[in-house]
Each structure stands twice: as structure tokens, then as C-alpha cells.
Amino acid sequence: MKPVVPGMHPDPSVCRAGDDYYLACSSFEYFPGIPVFHSTDLRHWEQIGNALERPSQLVLTSASSSAGIYAPTLRHHDGRFWLIVTNVSDGGGNVVFTATDPAGPWSDPVRLPGVEGIDPDLAWDDDGNCWCTVAGVGQYRIDPATGETFGGRRRLWSGTPGAKAPEAPHLYRIGDHWYLLIAEGGTERGHAVSVARAQSPTGPFEPCPANPVLSRRGVDDPVQNTGHADLVQAPDGSWWMVLLGVRPGGGTPGWHVLGRETFLAPVTFTGGWPVVGELVPGPASAEPDRDDFDSGALRPSWISLRDRDERWCTARERPGWLTLRARGSGMDDPAVVFAGRRQQHLSCLVRTLVDPADGRGGLAVRLDEEHHYEIEVASGEIRVLARIGPLSTVVASRPAPGGPVVLVVRVDENRTPRDARSGPDTLSFGIEDPDLTVLAALDGKYLSTEVAGGFTGRVIGLYAAEGTVRFDWFDYRPLN
Ligand code: 6LW
């Protein structure tokens, strides 16, 4: 079952304007922040930008991995697009952005100092009141244009008694009722979606007798951890849910490596309550995706760590090449200069042509600072490095041919685990000279969320660890 937006695209929020749908996701410590997608059928999504692409909109200086930007809500109201989100780092808090075109530019932030809590939602009632509902579940009346809060936080509902982490609230007016959709059970295997309804946006809320309305708890299904959902109505009146889920692989307990991905399901209303249908498969794999760095700008799928400054990362300095200039000393260093893209397929082949000149750098597969594998070239040597928790090691090395070299990582999903401990995939690192020579093949379980912890998934990309390193092209080929 393929997601509709594969790779690390969690906490999806969706809205419709006319015949067009737009979707936004969390982006954590990566810059630019909040990928924005467009679709006309809810199955095929194209990234049209990132909402937060200027330092005046997003500061992540002190964001540790899996901190930063959490759980946006995207809405179309009164002829404008509204985005509300929490930056859990750098004193960011809850902030609202607006745009007339969701591809951007988005406004500078309006801060909501009176709103505490993550996963903020925006909903408007017929009297023009704007309600901001947050994890917990609490609610504030706000003015999203000024950031003012009227009165304090009111408790709305805490979900199913005994269930942990009532979060990800979204509030909708549907027919005669206000529906409050939440996630509960935590974002791991116990994740679920529950719903309550009321006559007014402020409650009192009556829980759905069939809660949870969505969960994969204890269910034999390749898609697990389903939850954190949002609803949208199609022009024909049908309802749809976007939600996050993961695809664990290997033996026990199952390791997911791509982060939490966005899935789609139909929703019908029976007796005034939503009933969630089977997941709708996402489109078949994308075509090979090649970047030649010829346009001088990086496409929106490229993400950097915490910031992207022309001094360290530019496609303009040597035309047709991406130039990275080291700031941190390597992939262990939170300050490393890294630019990559989400791994979006369970199997894929990634290649790049690197000219290390007098620098050191290469191709990395990153989960976080403490969990990454890379192949790098420097001063006549090619090395494969692995960092797993507190342990770092050089896995393989060999002399480098002079001049630019093609570095390769191939990820192969492990479709038939040999035993209970078999990992989800194998990552093979090598060089093309011109035939492929594999220097090391590593178990992918160590670059999974179940090992590393946190909320993110793998990103594959380019880095500079010393001096200036230039890349002529970057080729990402899905293999499934
Ligand atoms: C998000 C919370 C969650 O704020 O994970 O799955 C957190 N749900 O709602 C970070 O993505």
C-alpha cells in the first residue's frame, strides 16, 4: 500500500479551494519548513513550495533533531490561505501565516503568545469568531490577524478515558454539528483517530460510540501507526481523510525508516458519525529524479539543516554545480552543511558526482546527528562511515581516483526477512569507476525511528565536512 505522499511527510493538514486541494506537513529541524503540495484528485500530489523559506519566518538555530516545526493546520477562509503551526524551538511558539497563493510567498509570522500547546487548529464560526484548538484538548478564541487571545484556555475533551496523548485536534462544521477530530494513543503502534461532536464549536462534546474511528492497533497490515488525520470535502460532496502512517519492515519489532508518511482514506457519515473506509493506494513510483543544479536555485524538495545560507550552500558560485562549504566538521555535527531530500521509496538508487577539490564531503543517509551512514571523499581517500548512537566507525576505505568521483548508495528493501532480527533494508555504499564497486553494505535498522527515536525519517543528501566540496548532479531513482 503506497502512501499518497511518501517519505517523511507527517501530520498532514488539507484544505480545498474550488477544485484544488492543498496539503501541508511538519518539517522539524529542516529548512525551508512546511512542504506545501497541490492536487486535483487527492491521490496525486505535487510539491509547489515550502511555506517557511525566509529567516524572518523560521528560526531553528537551537532546534535539536525532531524539534522545530510541528503539526500545521492549513485552511482556506475568506479568500485567503491560513497556516497555523508550532515552532517548539527558539521561543517560536504558535504562529499564524497567510498567503493568497499557497505556493508562496507566505507572510511573516503573527505570534500567538497567549496560546499554549502544540498542534494548533483554526476554525471559524458563522458569527466570525475564530477558534484555536490545541492538543490536550483545549481551546482559545483568537484573532488570527493580530495574534490576540480573548479569555483563557478552555478544556474541550480529553478523548477516550485512559488513552494517552489526545492531540492533533481539528474542528469542523458539518451539517448541524461541530465535529472534533483528534489523534490519541501516541504516534507509535497505539495511534488512533477518535471523534466527538457538539452543537457549538465550544462544546459540550459527545464522543462517538464507535471510537476509535481509525486505528491499526494489533492489526496485520503493512501500514501501521495510523492517526493524526484531517478531513476535506470534495466538490461532489464526498468526504476524505488524510492521515499519517508508517511502513515498518524486517523482523521484530519492525523498523520504519522513511518516517511517517501521508495516506488517504474515504469517509462516509452513518448516523451522524464518520466511518473511515480502506486506504486508497497512492500512485505508482515516480520517474527517476535528477538534479543538474543548472537553474541556480534548489527545487522545493531540497531541505537543509536548520538554515540555508548562500555562504555555505549555493548553486550559483560554479554554474551547474552545487557548492557546499563546510561549517561543521561532519554529519555528527549539528552545524554540518547538508542539503538533501527525503528518502521516499523503500528501495532506491542515489548517485552523485562530487569534486572534493581540497575539501572533504560526500553522500549521506541521515536519520539524525547520531544515526547516519555516509560515503565521503577527501585527500586521495574514499571512506564509508557509520554513526549509530554513541558509536562511530570507519567501515571501509580505499584510495580515491584523482578528480571528480561518482558516489553511490543503493537501498534495498528486505522483502523476505530471514529471521526475527532481520532488518528492514540494506544500504550499499560504493563508487562508479565506471562499474559499481561496493565498499560496504550496512543493515538499515540502525537508521530507523524505532532505533533512533523521534519523529523524523531518512533524508539522503550531500554534505561538506571540510573546505569546499562541489556536486555536479544528484540522481535519485526509485526501485519500487
Ligand atoms: C505532533 C503530534 C504527533 O505534534 O507527532 O502524530 C507530533 N502526532 O500531533 C510531531 O509530529
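Enquirer: What am I meant to see in the pattern of salt bridges here?
Expert: Across all of its chains, the model carries 35 salt bridges by this definition. Salt-bridge contacts for arginine 260 lead to aspartate 11; the nearest nitrogen and oxygen are separated by 3.8 Å. On the criterion of sequence distance, the pair formed by arginine 260 in the loop between β20 (239–246) and β21 (261–270) and aspartate 11 in the segment before β1 (13–17) is long-range, its members being 249 residues apart. Exposure remark for arginine 260: the relative accessible area of 6% places this residue in the buried category. A salt bridge links aspartate 475 to arginine 477; the nearest nitrogen and oxygen atoms lie 3.0 Å apart. Residue arginine 477 is classed as partly exposed on the basis of its relative accessible area, which comes to 33%. One connected set of salt bridges, linked through shared partners, spans Arg290, Asp292, Arg351, Glu432, Asp475 and Arg477.

Enquirer: Any chance you could explain the packing of aromatic side chains here in plain terms?
Expert: For any pair of aromatic rings, the description rests on two quantities: the centre-to-centre distance and the angle between the ring planes. Here the structure, examined in full by the defined rule, presents eleven aromatic pairs. Aromatic side chains tyrosine 179 and tryptophan 273 sit 6.3 Å apart centroid to centroid with 85 degrees between the ring planes, which places their arrangement in the edge-to-face category. Within this pair, whereas tyrosine 179 is found in strand β15 (residues 177–184), its partner tryptophan 273 is found in strand β22 (residues 273–276), the two being separated by 94 residues in sequence. Given the relative accessible area of 4%, tyrosine 179 is considered buried. Ring centres 6.3 Å apart and planes at 80 degrees place the aromatic pair tyrosine 373 and phenylalanine 429 in the edge-to-face group. With tyrosine 373 in strand β30 (residues 371–378) and phenylalanine 429 in strand β34 (residues 425–432), this residue pair connects regions lying 56 residues apart in the sequence. Across the pair, phenylalanine 429 and tyrosine 373 agree in class, each one buried. Put simply, the rings of Tyr179, Trp239, Phe269 and Trp273 pair up and form one aromatic cluster. The aromatic ring of tryptophan 321 is capped on one face by arginine 318, whose charged end is 4.5 Å from the ring centroid.

Enquirer: For this particular structure, what's the right way to read the sheet that holds strand β32 (residues 391–399)?
Expert: Working definition: the strands of a sheet are paired by backbone hydrogen bonds and lie parallel or antiparallel to each other. In spatial order, the strands read β3-β24-β27-β36-β29-β30-β31-β32; together these eight strands make up an open sheet with antiparallel pairing. Of all the strands in the sheet, just β3 (30–31) and β32 have a single pairing partner and so form its edges. As paired elements, strand β29 (residues 360–368) and β30 share eight bridges and run antiparallel to each other. Along β30, the bridge assignment pairs arginine 366 with histidine 372.

Enquirer: Looking at this structure, how should I read the site of the ligand?
Expert: Around the ligand, the surrounding shell holds 13 residues, and the nearest of these are Asp11, Asp119, Thr187, His228 and Arg260. Within the side chain of aspartate 119, a nitrogen or oxygen atom sits 2.5 Å from an oxygen atom of the ligand. One nitrogen or oxygen atom from the side chain of histidine 228 is found 3.0 Å from an oxygen atom belonging to the ligand. Taken together, the residues of the shell around the ligand sort by class into six nonpolar, three polar and four charged.

Enquirer: What exactly am I supposed to notice about the nonpolar core here?
Expert: As a rule of thumb, nonpolar side chains are buried together in soluble globular proteins. Of all hydrophobic cores here, the largest spans 41 residues; its most connected members are Leu322, Leu363, Val409, Phe429, Leu462 and Phe474. Counting 22 residues, the second largest nonpolar core, distinct from the first, contains Ala17, Ala51, Ala63 and Phe97.

Enquirer: Is there a simple way to think about the domain arrangement of the protein chain in this case?
Expert: Interfaces are often sized by the amount of accessible area the parts lose when they come together. For the protein chain, the assigned domains are domain 1 (13–276) and domain 2 (289–478). Just the C-alpha atoms count here: the centres of domain 1 and domain 2 sit 32 Å apart. Between domain 1 and domain 2, the residue contacts involve 33 residues of the former and 39 residues of the latter. Both sides together, the interface formed by domain 1 and domain 2 hides about 2700 Å², and carbon and sulfur atoms give 58% of it. On the domain 1 side of the interface with domain 2, the three residues burying the most area are Tyr30, Trp255 and Val257, jointly 27% of the side's total. Run the count over domain 1 and domain 2 and you get two salt bridges. Notably, a salt bridge pairs arginine 366 with glutamate 29, separated by 3.1 Å at the nearest N-O pair. Every element with two or more residues in the side of domain 1 that touches domain 2 is listed here: β3 and β5 (46–52).

Enquirer: I tried to follow the sheet that holds strand β19 (residues 224–233) on my own but got confused; where do I start?
Expert: In spatial order, the strands read β19-β20-β21-β22; together these four strands make up an open sheet with antiparallel pairing. Across the chains shown, the open sheet's two edge strands, defined by having one partner strand only, are β19 and β22. Between one strand axis and the next, the sheet turns by 35 degrees as a mean value, whatever way the strands run. As paired strands, β19 and β20 are joined by six bridges and run antiparallel to one another. Note on β20: the bridge partner recorded for glycine 227 is leucine 244.

The rules behind the values
Residues numbered from 1 in each chain as written. Predicted model: local features only at pLDDT ≥ 70, side-chain atom pairs only at ≥ 80, totals over all residues. Heavy atoms only, no water. Salt bridge = Lys/Arg side-chain N within 4 Å of Asp/Glu carboxyl O. Helix = DSSP H or I, 4+ residues; strand = E, 2+ residues; numbered from the N terminus. Buried < 20%, exposed > 50% of the residue type's maximum accessible area, 1.4 Å probe, protein only. Phe/Tyr/Trp six-rings, centres within 6.5 Å; stacked < 30°, edge-to-face > 60°. Lys NZ or Arg CZ within 6 Å of the ring centre and 35° of its normal. Pairing = 2+ DSSP bridges. Near = heavy atom within 4 Å. Polar contact = N/O pair within 3.5 Å; in protein donor to acceptor, adjacent residues only side chain to side chain. Nonpolar A, V, L, I, M, F, W, Y, C, P; charged D, E, K, R; others polar. Core = buried A, V, L, I, M, F, W, Y, C linked by side-chain atoms within 4.5 Å. Domains from an automatic or database assignment. Contact = heavy atoms within 4.5 Å. Buried area = accessible area lost by both parts, 1.4 Å probe. Axes fitted to C-alpha atoms, helices over the stretch in contact; angles between N-to-C directions.

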